[in-house]
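A closer look at the structure
Okay, here's what each chain looks like letter by letter:
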Amino acid sequence: MVLRDGARKSLWQETVTGFLPAVEPKQQHFDVVIVGGGITGITLGVELQRSGKKCVLLEAQTLGFGTTGGTTAHLNTLMDTPYTDIIKNFGLENAKMVATAAREAINLVKQNVETYAIDCGFEEVPGYLFSQNETQTSELEDIHEACQKVGVGCSFVDELPVPISYQKVLRIERQAKFHPLRYIQKMAEVFEKEGGVIIESCRVTNTGKGEHDIEVEATTGKFYGQHVVFATHIPIGVNLIHFRCAAYRSYAMAVRLEDGQYPEGLVYDMYDPYHYYRTQTIDGENYLIAGGDDHRTGEETNTNGCFLKLESHVRSHFNVSQVVSQWSSQYFEPADGLPYIGHLPGNPENVLVATGYGGNGITYSHVATITLSELILTGKSRYENVFRPGRIKPVAGFTEFVKHNAEVVKQFVGRWLGQDKLHEAADLASGEGRLVKYEGESLALYKDDSGVLHAVNPACTHVKCAVAWNAAEKSWDCPCHGARYSVDGEVLTGPASRDLEKIELRTLVDKEENA
Ligand code: FES
């Protein structure tokens, strides 16, 4: 089984074996240094390597450790940001570009699956978006009209492949699904076969302009590239991008159904956050995957409760015989609804980024592959303007979005300075974590299953917001820009590139016991 950035196991993790990179190279100079071994980095690597670029892929943990191992792997041309909003905020021509890019992305996945004979359960299926009240129906009609304008094939139908009541159903043609880890593992093999180099357990901590190329500092040494791409879900360092993306957690579960009525297609309701349902067949076994109950990272104190809510929702509609796995994962919502793909602001021209995918990460990973490979190989891309990270769109909600980020910091500082005593730690149940204050020391405390306390400084190493406990995934999550850490402070998710400071707790406990 491969590892992931949380304590719970996703369906994908349990149905693959690990990937072992070939021998590490001696060289340090490459055409392209790709940072991040998720679906974006690996697919881009294959594309560039096949076009004659010599690439190295640096992964802080193991391939698929981040959201690629926790996604629910929907491939859509109907994006989470409705085309009504994209047309309103970016104009009809740009909205058409988004629809074309999404179609091209799904085609690229399909082409890779066929070319490299990837056994990942890829299947083109219809999508279904359904309304359940008058407001949603009116919104659905607007979405239908916008889809017609941008060229996304869809129509109203009087059927829904899940046993849930509806007012109106929009069926969208040629969406798709697959097993994300089986896909990337095979793509990683292809990357190496084409001459690419993969280095795992190699965390990039800094980049800067070298004499000729970009210098990349990593925990295993220095690398140099004519281009550097941050395919890390969110870039490291402190960047404008971090103030234009908000981190969210999403909850998912895979179940078996008593009656065997697994739905065909990808199905979505229209609540905010919305629920989604789809089927995946793995090694001859069917699973219903359902998800929802999203919230801003670090803002929900009862993350286990989110699973209970989702499970009760799923059980109210489906005849569940067994819950196979439950897991949560992270995504970054862009302020104006479109991802940021292209030049990373504040860096030399040849430092690129792909982030802010929202809930369409798998589709946008391939949009990024297409856009970034075009930029690197030819200096321009058909999609560079619409996804340009440097854009500033004064769209409705942007001010609120930024303000919300600031309020999180304020709210957190208040909680961080609470008057809790360390003796509260003794009250921690096994498996529980909490922030406490003791003799001027702020501590993030966790008691493991054998009763041992783990303490770290709760100040996030990105820009010092205080982290919050995530009980479901047993991690410390930062509410400001989404960095996440293990119970011992090790970075699980950027933008932080340094671990939380580990605190020697034993002396503090002893001190109290002797008082
Ligand atoms: Fe930015 Fe924690 S992620 S302060």
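To start, this report covers the structure provided alongside it. Numbers given for residues are sequential positions, taken from 1 along each chain in its written order. Residue-level local features of this predicted model are given only where pLDDT is at least 70; pairs of side-chain atoms are given and counted only at 80 or more, and the full residue set underlies all totals for whole chains, interfaces and linings. For side-chain calculations, the full set of non-hydrogen atoms in the structure is used, while hydrogens and water are omitted.

A surface patch of nonpolar side chains, about 250 Å² in accessible area, is lined by Val238, Phe243 and Val463. Only DSSP runs of H or I covering at least 4 residues are called helices, and only runs of E covering at least 2 are called strands; the numbering of each starts at the N terminus. Position of valine 238 relative to the elements: it lies in the loop between strand E10 (221-230) and strand E11 (245-257). On the basis of relative accessibility, which here comes to 52%, the residue valine 238 falls in the exposed class. Exposure above 30% relative accessible area and no salt bridge define the residues that can form patches, which grow by joining like charges within 9 Å and nonpolar side chains of Val, Leu, Ile, Met, Phe, Trp and Tyr within 5 Å. To be clear on the numbers: accessible area is Shrake-Rupley with a 1.4 Å probe, and residue cover counts the displayed protein chains and nothing else. Only one rule defines a salt bridge in this text: a Lys or Arg side-chain nitrogen within 4 Å of an Asp or Glu carboxyl oxygen. Burial status follows relative accessibility: with a 1.4 Å probe on protein chains alone, a residue under 20% of its type maximum counts as buried, one over 50% as exposed, and anything between as partly exposed.

Moving on: the state of the cysteines. In this description, a disulfide is simply a cysteine sulfur pair whose atoms lie within 2.5 Å. Applying the stated rule across the entire model yields one disulfide. Each sulfur in the disulfide pair cysteine 465 and cysteine 480 lies 2.0 Å from the other. As the torsion about the S-S bond is roughly -80°, the cysteine 465-cysteine 480 disulfide counts as left-handed. Highlighted residues: cysteine 465 in the loop between strand E20 (453-456) and strand E21 (468-470) and cysteine 480 in the loop between strand E22 (475-477) and strand E23 (484-485), separated in sequence by 15 residues. Look at cysteine 465 and you get buried, because its relative accessible area is 8%. Here cysteine 480 falls in the buried class, since its relative accessible area comes to 3%. Unpaired in terms of disulfides, cysteine 245 finds its nearest cysteine sulfur in cysteine 480, a separation of 14 Å. For cysteine 245, a relative accessible area of 2% gives the class buried.

The next point concerns helix H4 (residues 134-150). A helix is expected to reach a length of 1.5 Å times the quantity of its residues less one. Taking 1.5 Å per residue, 17 residues should reach 24 Å; H4 reaches 25 Å between its end C-alpha atoms and fits that length. Where H4 is concerned, the buried positions are Gln136, Thr137, Leu140, Ile143, Ala146, Cys147 and Val150. The residue sitting at the N-terminus of H4 and contributing the capping side-chain oxygen is asparagine 133; that oxygen lies 3.2 Å from the backbone nitrogen of threonine 135. Directly beyond the C-terminal end of H4, a positive phi value near 90° is found at glycine 151. Polar contacts, as counted here, are pairs of nitrogen or oxygen atoms within 3.5 Å of one another; within protein the pair requires one atom able to donate a hydrogen and one able to accept it, and residues that are adjacent in sequence qualify only if both atoms are side-chain atoms.

Moving on, we come to the side chain of serine 131. Looking at the element boundaries, serine 131 is found in strand E4 (residues 123-131). Under the relative-accessibility criterion, serine 131 is labelled buried at 0%. A polar contact is formed between the side chain of serine 131 and the side chain of threonine 137, at a distance of 2.8 Å. Contacts between residues were defined by any pair of non-hydrogen atoms, one from each residue, lying within 4.5 Å. Ignoring anything within four residues of it in the chain, the contact list for serine 131 reads Gln136, Thr137, Leu140, Tyr166, Gln167, Lys168 and Met270.

What follows covers the environment of isoleucine 370. Among the secondary structure elements, isoleucine 370 is positioned in helix H7 (residues 361-378). Residues isoleucine 370 and alanine 176, spaced 194 residues apart in sequence, show a C-alpha to C-alpha distance of 18 Å. Residues within four places of isoleucine 370 in sequence aside, it is in contact with Glu104, Ala105, Leu108, Arg382 and Tyr383.

So, about the sheet that holds strand E18 (residues 433-438). Taken in spatial order, the three strands make up an open sheet running E18-E19-E20, and their pairing is antiparallel. Two strands bound the open sheet, and with one partner strand each, they are E18 and E20. In this sheet, neighbouring strand axes are inclined to one another by 35° on average, regardless of whether the strands run parallel or antiparallel. Looking at chain direction, strand E19 (residues 441-447) and E20 are connected through four bridges and run antiparallel. Looking at the pairing, leucine 445 lines up with alanine 455 of E20. Two strands are counted as paired when DSSP detects at least two bridges linking them. Note on method: axes are straight lines fitted to C-alpha atoms, helices fitted across the in-contact stretch only, with angles between N-to-C directions ranging 0 to 180 degrees.

Spatial relationships are all this shows, so hold off on functional conclusions.
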